[in-house]
Amino acid sequence: MSIRSLLGLDTRAERYTYGLDPVAGYVSTQKIPDRWVATTCGYCSVGCGMFVGVKDGRAVSVRGNPDHPVNRGNLCPKGLSEHHTIDASNRARQPLLKRDGRFTPIGWDTALTTMAEAFRRVQAEHGPDSVGVISTGQLVTEEFYALGKLVQLGLGTRSFDGNTTLCMSTAVAGYKGSFGSDGPPGAYEDLERADVILLIGANIADNHPILCRRLQANPGTTLIVVDPRVTKTAMMADLHLPIRPRADLALLNGLIHIIIERGLVDHDYVDRHTTGFDALKESVREYTPARVAETTGLDPGLLYETAAIYSTANAAFIAWTMGVNHSTKGTETVNAINNLALITGNIGRAGAAPFSITGQCNAMGTREAGFASSLPGYRKFESAEDREALAGIWNVPVERVPAARGLAYPDIIEAALERRIRALWIIATNPVVSFPNLGALTQALEGLDFLVVQDGFHPTPTSEFADLVLPAAIWGEKEGTYTNSERRVSKVNRAVEPPGEARPDFNIFLDVASALGVKEELFPGWSVPRDAFEEWKRVSAGRLCDYSGMTYEVIEEQGGIQWPYPAGATDPAATRRLYTDGVFQTADGRARLIPVTWEPFPEQPTGEFPLVLNTGRTVEHWHTRTKTANVPILERLSPHAWAEMNPRDARGLHLKAQDSVDIVSRRGRIRDIELRVTETVAPGQIFVPFHYAEANANQVTQSAFDPVSREPNYKQSAVRVERSCPSGGLGASLWRRSERP
Ligand SMILES: Nc1nc2c(c(=O)[nH]1)N[C@H]1C(S)=C(S)[C@@H](COP(=O)(O)OP(=O)(O)OC[C@H]3O[C@@H](n4cnc5c(=O)[nH]c(N)nc54)[C@H](O)[C@@H]3O)O[C@H]1N2
Ligand SMILES: Nc1nc2c(c(=O)[nH]1)N[C@H]1C(S)=C(S)[C@@H](COP(=O)(O)OP(=O)(O)OC[C@H]3O[C@@H](n4cnc5c(=O)[nH]c(N)nc54)[C@H](O)[C@@H]3O)O[C@H]1N2
Ligand code: SF4
Ligand SMILES: [Mo]
């Protein structure tokens, strides 16, 4: 394949002629922008600052913002090609109503009244909670905040959650348990200041690429990577711990055991700022190096070495992502991470933090704005004082503010299966590809009386199931703020107009509020995201995630501001880290050391299903590929799904590289994907990316969820691998439903 075709140049209608642009280097003269619009990347939670180049009202290029404190001008391949997502041919352009199995274009007014009537009818017949709403970490905070109010106070349903439960809810629950509140305590700067960095189940080289740049700016650090695969991140490490799947809890308890045994505990910190040390000490007694070596598959020498490197560092940073969160023991594993950081005093200092790297561009914004697992501003459902404070700001009777959390995402799906939930509104998430155990999910969706899907693209695998499709503006077409993993609030700006009749989600929420008759009560005089931002500032004032000192203008000026930033604040650097004073958000101000126990993962391999399936990501694609499949360079680099298998297992199955294989579990089958034979995966395990609807990895994953956070156990399922039948290709059929007669 030529470089030109790899870059997608051959397939574009317009041919490129090259000219020299002083900023961007060689670019097409047809594509030299008239103007550059400053904004924040709409993919991952790193939160890179960038400019979108606009020519004749179209987004034609992107470049990194050299002054942005996060990325200093760098962008990863997805960011650099993000403008291609806007012009995609499969953008949703008008509201569509399904009549007799076919989508018919309708006007917005009809769409909104149809939706409001359907939801109110279902609620009248089956109770307020029989309408469910599933949202996302990919809205701006202003939209998410408005949606929360609309759903909880306007629709009055407590069946409200989002795709963040497939992602971050474990970190949230773990932080709440240990520190009394959510909120990642560290900053990206810590990657440059730590002398030891421990990455657990986080493949930043693929998934947070610009963080690798930050890490590389610290050549003196010792990097330890804990991952069952030899990922690109593991290849960067000084020490890679190729742990057995889901043995992290045993490893962490084992490290704590050694640190206690060797007298390496920071007793001063423990005595002044924590509770529960004696119980923790007792609980790790049985996690001897010998036993932990057996559980984790790691040599005892490696355990001693890791414990020594971590506990003797001046500043040690632990970051984790989905290798930890995607587990039925996720919350407890996060508690164990926090335990390790606390007993060594590695929190609240430069270079020292237990740091959950978030995933989506605004996963953090949804955590702050709450409404699902907590009330806005990290307030607690169970606190009468918190509910009264909110009722006061909102000017509603306190009884309107929910006093307990409603159903979490998997429980909403289960309620739909049992027909306790009859109508669903899905916003900016694509569960038909991303939710575990596809068979159960599709049964739930098919049983609904009314399904609304609000998406920037159509058809998507999920919008195919909809009764009503609402076309949304996407990144590049709307305004607001995102919060990145280090609590930095950055500005998102509109560069171009949305296609057809698509509207920003913010406007759609206000329109739905009008259709439900609650607009003036809940959103008096609101018309633009800034109206929501001003109210959110008041809601967050005095809370850990205090925005009250921020304005859109100061955020732009500073290249984002980390919270807390209370009214009157002038120095953004002053709040770079949380818990610098060792005072936590618990009743007694002390962090809690929480004893936790390791358990094997739920679905152990058997003779019939002998392999452990691990699912995850690759740098080129974003989740369910609604966006990146439209970007020629990314799609060409990674056009189809594959399975990675160790040579030993491949030999045993008489398979070779590039054979076409099926992956089979008790629940389903991924058909016809390319086999890659590689030592990066250990014997007994396989890895499959979950990006491809036509080879949907979630056909085989299971309905197993963390009891506290409700997050799915995506990273371990028992499967077998078979050579595909020659007819193959059936995997594509699922999401081409509407094309079938
Ligand atoms: N290119 C790209 N970047 C993205 C995304 C994307 O779709 N594409 N998505 C964004 C989102 S929302 C998220 S949440 C993040 C996710 O970012 P990551 O968490 O880095 O992504 P994953 O590939 O899901 O999983 C991370 C690693 O966990 C490892 N793992 C599996 N099982 C275990 C285990 O038992 N123990 C340990 N220690 N590790 C294990 C996997 O081998 C994998 O390398 O990425 C964000 N960035
Ligand atoms: N097997 C397996 N499954 C997984 C994971 C895994 O590691 N393994 N990871 C899980 C994780 S961490 C996550 S975060 C989820 C992600 O799963 P999803 O949330 O389903 O993934 P996306 O493809 O990002 O879906 C976003 C949807 O919103 C649309 N969209 C984009 N921008 C906008 C907008 O501004 N407005 C509106 N209305 N729509 C918009 C997109 O077209 C797309 O349909 O997947 C989870 N599923
Ligand atoms: S690292 Fe994340 S935020 Fe930065 S350009 Fe890449 S996808 Fe965008
Ligand atoms: Mo995620």
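Remember, predicted model here, so these are calculated numbers, not experimental data.

**Q** Looking at this structure, I do not really get the overall build of the protein. What am I missing?
**A** A tally of regular secondary structure across the protein gives 27 helices and 28 strands. Relative to a compact globule of 741 residues, whose C-alpha radius of gyration would be 27 Å, the protein shows 25 Å and is just as compact. The buried share of the protein, taken over its 741 residues, is 64%. Element-wise, carbon and sulfur atoms account for 50% of the exposed surface of the protein, whose accessible area totals about 25800 Å².

**Q** Looking at this structure, how should I read the site of ligand 3?
**A** Lining the immediate environment of ligand 3, one finds Cys 41, Tyr 43, Cys 44, Gly 47, Cys 48, Leu 75, Cys 76, Lys 78, Gly 79, Pro 209 and Ile 210. When each cavity is represented as a set of grid points, ligand 3 is found to reside in the second largest cavity. For the shell around ligand 3, the elements supplying multiple residues, two or more each, are α2 (77-80) and α8 (209-216). The residue makeup of the shell around ligand 3, split by class, is 8 nonpolar, 2 polar and 1 charged.

**Q** What is the right way to look at the sheet that holds strand β19 (residues 480-483) in this model?
**A** Strands sit in the order β19-β20-β21 across an open sheet of 3 strands; the sheet is antiparallel. The open sheet has two edge strands, β19 and β21 (561-562), and neither has a second partner. Examined bridge by bridge, strand β20 (residues 488-492) and β21 share 2 bridges and lie antiparallel to one another. Note that in β21 the partner of Val 489 across the bridge is Ile 561.

**Q** Sorry if this is basic, but what is going on with the packing of helix α10 (residues 248-261) against helix α14 (residues 300-311) here?
**A** A pair of packed helices is captured by two measures, namely the crossing angle of their axes and the spacing between those axes. Running from amino to carboxyl end, α10 crosses α14 at an angle of 70 degrees, the nearest separation of the two axes being 9 Å. It follows that α10 is roughly perpendicular to α14 by the angle criterion. Taken as a pair, α10 and α14 cross one another with a handedness that is right-handed. Touching Leu 251, Leu 255, Ile 258, Ile 259 and Glu 261 of α10 are Leu 303, Tyr 304, Thr 306, Ala 307 and Ser 311, all from α14. Considering only residue class, the contact of α10 with α14 consists of 7 nonpolar, 2 polar and 1 charged.

**Q** Quick question: what am I supposed to make of the domain arrangement of the protein here?
**A** When the parts come together, some accessible area is lost, and that loss is often what is quoted as the size of the interface. Each assigned domain of the protein is listed with its residue range as follows: domain 1 (3-85), domain 2 (96-166 + 361-562), domain 3 (185-357) and domain 4 (611-738). With centres defined by C-alpha atoms, the gap from domain 3 to domain 4 works out at 29 Å. On the domain 3 side of the contact with domain 4, Arg 229, His 326 and Thr 328 bury the most area, a combined 38% of that side's loss. Between the two partners, domain 3 and domain 4, sit 1 salt bridge. A salt bridge links Glu 644 to Arg 229, with the nearest nitrogen and oxygen atoms 3.8 Å apart. Mapped by element, the contributors of at least two residues to the side of domain 3 that touches domain 4 are α7 (204-207), α9 (232-236), α15 (322-325) and α16 (330-343).

**Q** What am I meant to see in the side chain of Gln 685 here?
**A** Counting through the fold element by element, Gln 685 comes out in strand β27 (residues 685-689). In contact with Gln 685, not counting residues within four places along its chain, are Pro 228, Pro 245, Leu 611, Val 612, Glu 644 and Asp 649.

**Q** Please clarify how the pattern of salt bridges should be interpreted in this entry.
**A** Opposite charge on two side chains lets them pair, provided their charged atoms get close. One pass over the structure, following the stated rule, counts 46 salt bridges. Linking Arg 58 and Asp 87 is a salt bridge whose minimum nitrogen-to-oxygen distance equals 2.7 Å. Linking Arg 58 in strand β5 (residues 58-64) with Asp 87 in the loop between α2 and β6 (96-99), this pair joins segments that are 29 residues apart in sequence. Linking Glu 189 and Arg 193 is a salt bridge whose minimum nitrogen-to-oxygen distance equals 3.3 Å.

**Q** Can you help me understand the packing of aromatic side chains in this one?
**A** Aromatic rings considered in pairs are described by the distance between their centres and by the relative angle of their planes. If you walk through the whole model with that rule in mind, you get 25 aromatic pairs. Summarising the aromatic geometry, the rings of Phe 144 and Phe 160 are spaced 6.2 Å apart at their centres and angled 25 degrees between planes, so their arrangement reads as stacked. With Phe 144 in helix α4 (residues 141-155) and Phe 160 in strand β9 (residues 160-162), the pair connects residues that are 16 residues apart, well separated along the chain. Classification of Phe 144 as buried rests on a relative accessible area of 4%. Residue classification places Phe 160 among the buried positions, given a relative accessible area of 1%.

**Q** I would appreciate a short explanation of empty space enclosed by the protein in the present structure.
**A** Using a probe with the size of a water molecule, rolled over the atoms, empty space left in the structure can be pinpointed. Following the criterion strictly, the structure yields 5 cavities of 30 Å³ or more and no others. Counted as a void, the second largest cavity has a volume near 90 Å³. Looking at the lining of the second largest cavity residue by residue, the class counts come to 9 nonpolar, 2 polar and 1 charged.

**Q** Just checking my understanding: could you explain the site of ligand 2 for this structure?
**A** Near ligand 2 there are 30 residues, and of these Gln 138, Asn 163, Ser 434, Asp 455 and Thr 624 occur at the shortest range. Between ligand 2 and Tyr 714 there is a distance of 3.2 Å, counted from a nitrogen atom to a side-chain nitrogen or oxygen. Across the complex, the protein chains shield 99% of the 920 Å² of accessible surface that ligand 2 would expose by itself. Residues of the shell around ligand 2, tallied by class, amount to 11 nonpolar, 14 polar and 5 charged. Domain assignment of the residues forming the shell around ligand 2 places at least three in each of domain 2 (96-166 + 361-562) and domain 4 (611-738).

**Q** Explanation requested: the environment of Asn 65 in the structure shown.
**A** For Asn 65, the position within the fold is in the loop between β5 and α2. Residues Asn 65 and Asn 698, 633 residues apart in the sequence, show an inter-C-alpha distance of 37 Å. Every residue in contact with Asn 65, bar those within four places of it in the chain, is listed here: Gly 49, Met 50, Phe 51, Asn 71, Arg 72 and Gly 73. At 2.9 Å, the side chain of Asn 65 forms a polar contact with the backbone nitrogen of Asp 67.

The rules behind each value
- Residues numbered from 1 in each chain as written.
- Chains lettered and ligands numbered in written order.
- Predicted model: local features only at pLDDT ≥ 70, side-chain atom pairs only at ≥ 80, totals over all residues.
- Heavy atoms only, no water.
- Helix = DSSP H or I, 4+ residues; strand = E, 2+ residues; numbered from the N terminus.
- Rg over C-alpha atoms; globule rule 2.2 N^0.38 Å.
- Buried < 20%, exposed > 50% of the residue type's maximum accessible area, 1.4 Å probe, protein only.
- Areas by Shrake-Rupley, 256 points an atom, 1.4 Å probe, with all protein chains shown as cover.
- Near = heavy atom within 4 Å.
- 1 Å grid on protein atoms, 1.4 Å probe; cavity = no way out; pocket = protein on both sides within 12 Å on 5 of 7 lines; lining within 4 Å.
- Sits in = over half its atoms within 2 Å of the grid points.
- Nonpolar A, V, L, I, M, F, W, Y, C, P; charged D, E, K, R; others polar.
- Pairing = 2+ DSSP bridges.
- Axes fitted to C-alpha atoms, helices over the stretch in contact; angles between N-to-C directions.
- Parallel < 35°, antiparallel > 145°, perpendicular 65-115°, else oblique.
- Left-handed = near helix turned anticlockwise from the far one by under 90°.
- Contact = heavy atoms within 4.5 Å.
- Domains from an automatic or database assignment.
- Buried area = accessible area lost by both parts, 1.4 Å probe.
- Salt bridge = Lys/Arg side-chain N within 4 Å of Asp/Glu carboxyl O.
- Phe/Tyr/Trp six-rings, centres within 6.5 Å; stacked < 30°, edge-to-face > 60°.
- Points joined across faces, edges and corners; volume = space filled by probe spheres on them.
- Polar contact = N/O pair within 3.5 Å; in protein donor to acceptor, adjacent residues only side chain to side chain.

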